[in-house]
Amino acid sequence: MGNGNEPKPALELTGRVVDAADLLDPATESRISEKLLQAERDYGQQLVVATTPSLNDMTIEEYSFDLATAWKIGDKNRNDGLLLLVAPEDKQLRIEVGRGLEKSFTDQFAGEVIRNVILPRMRKEDLSGGIEQGVDSLIAKMKSVPSRPVNDNQLDQSKEEAA
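Residues numbered from 1 in each chain as written. Predicted model: local features only at pLDDT ≥ 70, side-chain atom pairs only at ≥ 80, totals over all residues. Heavy atoms only, no water.

Here six bridges tie strand S3 (residues 81–87) to strand S4 (residues 92–97), and the two strands are oriented antiparallel to one another. Paired with Val86 across the bridge in S4 is Leu93. (Pairing = 2+ DSSP bridges. Helix = DSSP H or I, 4+ residues; strand = E, 2+ residues; numbered from the N terminus.)

So this is what it looks like as C-alpha cells:
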C-alpha cells in the first residue's frame, strides 16, 4: 500500500475500458476490452481506454497523466503503460505513453494515430469506430515492440472478470 499521498483519479478504474462519457455501445466496449486483454497477454504492455465527460478545467495532458499515474497503468519497473483518453465535450484526445515506451511510441507516432486513424472516424460521427481503430493501431505497434515478461499491472483478476 502507498503512503496515502497518491493522486485521487478523476475516474475509477473499473477495467481496461472506462467509458464514463458513454461513447461505446456494450458490444464495442466488450470487443475492445477483449483486444486489450489479449494484447497485454501477448505483448506485455498495458493499454487502457478512458472516455470522460469533462476534463474538470485541466489540460488533457494533466488529466491523462494524473489518470495514468493514479491507475498505475503498466509494469512499475518497465513503465510500459499506455492510455487512450477521449474527452468529447472538450473536443480533446490524447495518447499518454509511459516513459519505458517513449522511444517506440513517440509523440510523432501518437499524433499520427490521432490525426490519421482516430479523428477521421470521429469527424464522421463514428466515435466508437475511431476509438476502436485507434486501439487496433496501438496494438499493432505493441506487437512490434513487446515488453515481456507479463507485467505486474494493477488490473487484478476480479477487475478482468468485471470488465
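What follows is about the packing of aromatic side chains. Throughout the structure, instances matching the rule amount to one aromatic pair. With 5.7 Å between their ring centres and 80° between their planes, Phe105 and Phe109 make a pair best called edge-to-face. Assigned by exposure class, Phe105 and Phe109 land together as buried. Over the face of the ring belonging to Phe109 we find Lys141, whose NZ or CZ atom lies 5.0 Å from the ring centre. (Phe/Tyr/Trp six-rings, centres within 6.5 Å; stacked < 30°, edge-to-face > 60°. Buried < 20%, exposed > 50% of the residue type's maximum accessible area, 1.4 Å probe, protein only. Lys NZ or Arg CZ within 6 Å of the ring centre and 35° of its normal.)

Our next topic: helix H2 (residues 60–71). With 12 residues, H2 ought to run about 16 Å at 1.5 Å a step, and its terminal C-alpha atoms sit 16 Å apart, in line with that. Among the residues making up H2, those that are buried are Ile60, Tyr63, Ser64, Leu67, Ala68, Ala70 and Trp71. Residues of H2 that are buried in the fold lie against strand S1 (17–19), strand S2 (46–51), S3 and S4. Immediately downstream of H2, the backbone of Lys72 shows phi near 55°, a positive value. (Expected span 1.5 Å × (residues − 1). Contact = heavy atoms within 4.5 Å.)

Before going further, it helps to examine the packing of helix H3 (residues 107–123) against helix H4 (residues 127–144). When two helices pack together, their arrangement is captured by the angle between the axes and the distance separating the axes. Where H3 meets H4, the axes come as close as 7 Å, and the angle between the chain directions of the two elements is 150°. When the axis of H3 is compared with that of H4, the two are roughly antiparallel. The hand of the H3/H4 crossing is right-handed. Residues Phe109, Val113, Val117, Ile118, Arg121 and Met122 of H3 form the contact with H4, whose participating residues are Leu127, Gly129, Gly130, Ile131, Gln133, Gly134, Ser137, Leu138 and Lys141. (Axes fitted to C-alpha atoms, helices over the stretch in contact; angles between N-to-C directions. Parallel < 35°, antiparallel > 145°, perpendicular 65-115°, else oblique. Left-handed = near helix turned anticlockwise from the far one by under 90°.)

As far as function goes, none of this settles anything; it's purely spatial.
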